[in-house]
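Structure at a glance
Each chain is listed here by its residues.
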Amino acid sequence: MSQKVKDMIDFCDVKKNNYAKKEIAKLSKKYEILGTGRNRATFKLRSGNYVLKFPLCEAGEGDNDWESSIVSNKSEDSEEIKYPKTKYITIGGFVCVIMEMVVELDPEQYWFLKEDWFLSVDGGQVGKTRSGHVVAYDYGLN
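Now for a quick tour of the structure.

The rules we used
Residues numbered from 1 in each chain as written. Predicted model: local features only at pLDDT ≥ 70, side-chain atom pairs only at ≥ 80, totals over all residues. Heavy atoms only, no water. Helix = DSSP H or I, 4+ residues; strand = E, 2+ residues; numbered from the N terminus. Polar contact = N/O pair within 3.5 Å; in protein donor to acceptor, adjacent residues only side chain to side chain. Contact = heavy atoms within 4.5 Å. Core = buried A, V, L, I, M, F, W, Y, C linked by side-chain atoms within 4.5 Å. Buried < 20%, exposed > 50% of the residue type's maximum accessible area, 1.4 Å probe, protein only. Expected span 1.5 Å × (residues − 1). Arc of directions from axis to C-beta. Pairing = 2+ DSSP bridges. Axes fitted to C-alpha atoms, helices over the stretch in contact; angles between N-to-C directions.

1. With respect to the side chain of Asn17
As for its position among the elements, Asn17 is in helix H2 (residues 14–30). From its side chain, Asn17 meets the backbone nitrogen of Phe11 in a polar contact 2.6 Å long. For Asn17, the residues in contact, after removing those within four places along its chain, are Ile9, Asp10 and Phe11.

What follows is the structure in structure tokens.
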């Protein structure tokens, strides 16, 4: 685990910070880390079809809880934000989410495929699933 990720862990409880560091170290040995945001670290699971989002703080747990509670709705005729498949899990007592792998759209694809709901997704974090559905991939509340 990189020092950068360790430095990003920021739970209110010092013990929880230490537990999070241990869990992330374990995950880093097992899975490829795809990146980090303000609130979470994302790991690519072995199948390559799913990612695991691990919280770096309380807001990350809230984001994971929210994302795992949203039902996937990939109907092409819907004008609402479209979401990938997700599953709520806990790891070492931390609220995590497993999400269908989504590959970020490049700028040309983004503007070519752009739908009105893209503007509702923070930072335009929209991509394609393996099955070709265009969905939001980061839509936590924090």
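After that view, the rundown keeps rolling.
2. Quick look at the nonpolar core
Membership of the largest hydrophobic core comes to 17 residues, with the highest contact counts inside it found for Ile24, Leu27, Phe43, Leu52, Phe54, Ile91 and Cys96. Put simply, the parts of the chain that give this core at least two residues each are H2, strand S2 (40–44), strand S3 (50–55), strand S4 (86–91) and strand S5 (94–100). Take this core: its biggest share by element is three residues, from H2. Residue contacts for Leu27: discarding those within four places in its chain leaves Phe43, Leu52, Phe54 and Ile91.

3. What about helix H3 (residues 58–69)?
Counted at 1.5 Å a residue, the expected span for H3 with its 12 residues is 16 Å, and the 17 Å between its end C-alpha atoms agrees. For H3, the complete set of buried residues consists of Gly60, Glu61, Asp63, Asn64, Glu67 and Ser68. Projected onto a plane normal to the axis of H3, the buried residues spread over an arc of 160° and lie on a single side. Contact partners of the buried residues in H3: H2, S2, S3, S4 and S5.

4. Some points on the sheet that holds S4
If you walk across this open sheet you meet the five strands as S1-S2-S3-S5-S4, and the pairing is antiparallel. Each edge of the open sheet carries a strand with a single partner, namely strand S1 (32–36) and S4. On average, each strand axis in the sheet is tilted by 30° relative to the strand beside it, whichever way the strands run. Each of S2, S3, S4 and S5 touches H2; the most contacted strand, S3, lies at about 160° to it. With respect to the sheet, H3 is in contact with S2, S3, S4 and S5, its orientation differing from that of S5 by roughly 45°.

5. What about the sheet that holds strand S8 (residues 134–136)?
Read from one edge to the other, the open sheet built from three strands follows the order S6-S7-S8, with strand pairing classed as antiparallel. Only two strands of the sheet have a single neighbouring strand rather than two, namely strand S6 (102–104) and S8. Strand-to-strand twist in this sheet, taken as the mean axis angle between neighbours without regard to direction, amounts to 50°. Direction of pairing for S6 relative to strand S7 (residues 126–129): antiparallel, over a ladder of three bridges. Within S7, the residue paired with Glu104 across the bridge is Gly127.

Scope: geometric values only; no functional claims are made or implied.
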